[in-house]
There are 2 protein chains.
Amino acid sequence: RRGRRLRRALAARPWTLWRYRELLPLVDFDGRVDLGEGGTPLVPLVGAGAPARLWLKNEAGNPTGSFKDRGMALAVTRARELGAPGVELASAGNAAISLAAYATAAGLPWRVALPADAPEAVERRCRAHGGEVLRFPGTLVEAGQRLAEQEGDFWNVSTLREPYRVEGKKTMGLELAEQFDWRLPEWIVYPTGGGTGILGMRKAFDELAAAGLLRGPRPRFVVVQMAGCAPIVRAFERGEESAEPWVAPQTRVWGLRVPRALGDFLILEALRLSGGLAVAVDEAAIAERQAETARRHGLAIGPEGAAALEAALGLVESGRIGAGERVVVFQTGHPANYGG
Amino acid sequence: RRGRRLRRALAARPWTLWRYRELLPLVDFDGRVDLGEGGTPLVPLVGAGAPARLWLKNEAGNPTGSFKDRGMALAVTRARELGAPGVELASAGNAAISLAAYATAAGLPWRVALPADAPEAVERRCRAHGGEVLRFPGTLVEAGQRLAEQEGDFWNVSTLREPYRVEGKKTMGLELAEQFDWRLPEWIVYPTGGGTGILGMRKAFDELAAAGLLRGPRPRFVVVQMAGCAPIVRAFERGEESAEPWVAPQTRVWGLRVPRALGDFLILEALRLSGGLAVAVDEAAIAERQAETARRHGLAIGPEGAAALEAALGLVESGRIGAGERVVVFQTGHPANYGG
């Protein structure tokens, strides 16, 4: 059977996302852009979240310090393979750094557009790779619009503008399945900006189920956003099928400062089908959760990961997440990317 | 056979250093301090170092951003197991951050001593974990002496003061063997401060050979130090069995600002037995090598990794490393740990 063959093949492969090559859309495996992405650890948060059991899926160890590397490795590999003259996107943070690194490794010209208030550290990290860094007033949405007005024929690899970033994010779901010995956790708590991760993981679980590799039920997703920018949470609570853009987003959690997700309706669908939940976290909780996690667990976590952890702990406390349930909290990036 | 049993067991294990548990000295496996350390990728440096073949063993993705986490995970686990009231060490950089994180995760009190000129970012990262951070005038040697004069009965877990950090560093050798399918590369280029990594890898190769797991010859080590602080290189060139302390070290490559290594004679022995080399790198080459690696390969590397890469490229250019030979360059830490 296909699943058994895959499991056997996995035994001898490097622990990067490329170990799942049969489930990736790549044509030329040897032509991949590989900086060692994926294969991130599942770290038990000992003593936190009882009576549930919590793990951090810590994505900070990726090559540029965030989960964006998964999608970018696939997107840039395919863009080069298909003859792109260059690649570009708008981002407030980790996606820009990741694109800069992967396009550089691929030998492709690149351009990123940052909103005016994106952290200086993000710009510095992008510039180190030698491409073009633009700054525009407004939020991510405006930066994206201004980028589209620029001259040139670079391919736009923004979230859901092309199919391969989802394929890369899919590997988060594949890894979770393998790390839990093919019996997925009851809950996946995910800080949601563009939401590619949720769509990717849902696809991963579908594909693993089709290959006969999953045991037990599917996880329930928890979408986590910030109180000052929570379009998906608001739409979920109102029972809407798509999310109105959030006017005047207020949050310094850069990865969650996304007023409008292109795949809003897909995220909401995945969320409801999984029997999931949506939670908005207060801005004031972030710094404290980061500090507490460093002082108690010895872990430096990013603001997005802190939001997810805060939400998870709240759901345990309120009883929405029950005793003995297994909860994976996505810690999506290293705080140093924002200068922390 | 023991080796075959181990290989079979590895197939289903998480890709952290704990996968080699049969080769680790730990008593209580379930009581380990585990932040997800080890399992770092081997990144091919495409187009660099021809006609040899170069890989970076990129240790930046470890939980606190450096290879120190390997030794510290073992040392702190064992210290707690054996009843230490607390742990301490002197360090100019990554080891201090790592100790702070692991001791915190273990619930042990801790203290670190930094030399006066250690980067401010190092101090900030240590303090985030809530223990005691001291600053002393002079180099690492003086900081170590002053730490020893402090009150209290914390256990000193400095390089080679206890046996477990070497055991943790050993896993770099175990991973290399597994990543190269048990046929080790011809060269290992290693930025050498205290040198625990070389001693650990040598031990790893001995143990794997005893288990019948190695195919082919042992790698040759290249010790890399800075021109302004190169005690091991000088002793190697003079044919001495131990290394005189370096007077007035001059380098901003913090991990290599080690005027005196406790295990100098062991490093020199391992180096000679392997048929290796020792190289001192000019200070001026570091920033340029870091910039070039970011612009060409999309990789952010630390100053120690840059030193090692600079040395490796020089040895290829001079013909000391030959065509087709496989070269692993240790990129031991993330530049952000120093504020970069």
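Residues numbered from 1 in each chain as written. Chains lettered and ligands numbered in written order. Predicted model: local features only at pLDDT ≥ 70, side-chain atom pairs only at ≥ 80, totals over all residues. Heavy atoms only, no water.

Caption draft 1: Highlighting the sheet that holds strand β9 (residues 277-281) of chain A. Residues and elements named next belong to chain A. Spatially, six strands are ordered β1-β2-β10-β7-β8-β9 in an open sheet, and the strand pairing comes out mixed. If you trace the sheet from one side to the other, it starts and ends with β1 (42-44) and β9, each paired once. With direction set aside, neighbouring strand axes in the sheet form an average angle of 25 degrees. (Pairing = 2+ DSSP bridges. Helix = DSSP H or I, 4+ residues; strand = E, 2+ residues; numbered from the N terminus. Axes fitted to C-alpha atoms, helices over the stretch in contact; angles between N-to-C directions.)

Caption draft 2: The relation of the copies chain B and chain A, seen in detail. Once chain B is rotated about the relating axis by 180 degrees and shifted along it by 0.0 Å, it coincides with chain A to within an RMSD of 0.0 Å. With respect to symmetry, the two chain copies, as superposed, fit the operation of a two-fold axis. By C-alpha distance to the rotation axis, the residue of chain B lying nearest is G61(B), at 1.9 Å. Counting the interface residues of chain B, we find that 100% of their copies in chain A are interface residues as well, pointing to one common contact surface. (Least-squares fit on C-alpha atoms with pLDDT ≥ 70 in both. Contact = heavy atoms within 4.5 Å.)

Caption draft 3: Molecular detail of the interface of chain B and chain A. Chain B puts 28 residues into the contact, and the matching count from chain A is 28 residues. Taking both partners together, chain B and chain A bury about 2,100 Å²; carbon and sulfur atoms supply 57% of that area. Elements supplying a minimum of two residues to the side of chain B that touches chain A: β1 (42-44), α3 (94-106), α4 (120-127) and α10 (284-297) of chain B. Among the elements that take part in the side of chain B that touches chain A, α10(B) stands out by supplying five residues, more than any other. Class assignment of the residues belonging to the side of chain B that touches chain A gives a composition of 13 nonpolar, 10 polar and five charged. (Buried area = accessible area lost by both parts, 1.4 Å probe. Nonpolar A, V, L, I, M, F, W, Y, C, P; charged D, E, K, R; others polar.)

Caption draft 4: Representation of helix α7 (residues 196-210) of chain A in the model. Residues and elements named next belong to chain A. Under the 1.5 Å per step criterion, the end-to-end length of α7 is 21 Å for 15 residues, consistent within 8% with the ideal 21 Å. Taken as a whole, α7 has its buried residues at T196, G197, I198, L199, G200, M201, A204, F205, E207 and L208. Tucked into the core, α7 has its buried residues touching α6 (164-179), β7 (187-191), β8 (220-226), α9 (264-273) and β10 (326-331). Just downstream of α7, G212 is the residue with a positive phi angle, here 75 degrees. (Expected span 1.5 Å × (residues − 1). Buried < 20%, exposed > 50% of the residue type's maximum accessible area, 1.4 Å probe, protein only.)

Caption draft 5: Up close: the confidence of the model for chain A. In this model, chain A carries a mean pLDDT of 96, and residues with pLDDT of at least 70 account for 100%. This prediction of the complex comes with two scores: 0.97 for pTM and 0.95 for ipTM. (pLDDT = per-residue confidence, 0-100.)

Caption draft 6: Summary view of the sheet that holds strand β3 (residues 87-90) of chain A. Residues and elements named next belong to chain A. Taken in spatial order, the four strands line up as β5-β4-β3-β6 in an open sheet, and their pairing is parallel. In this open sheet, the two strands that pair with only one neighbour each are β5 (132-136) and β6 (155-156). By the bridge criterion, two bridges tie β3 to β6 in an arrangement that is parallel. Its bridge partner lying in β6, E88 is registered against N156. This element, helix α3 (residues 94-106), spans β3 and β4 (110-115) of the sheet and lies at about 170 degrees to β4.

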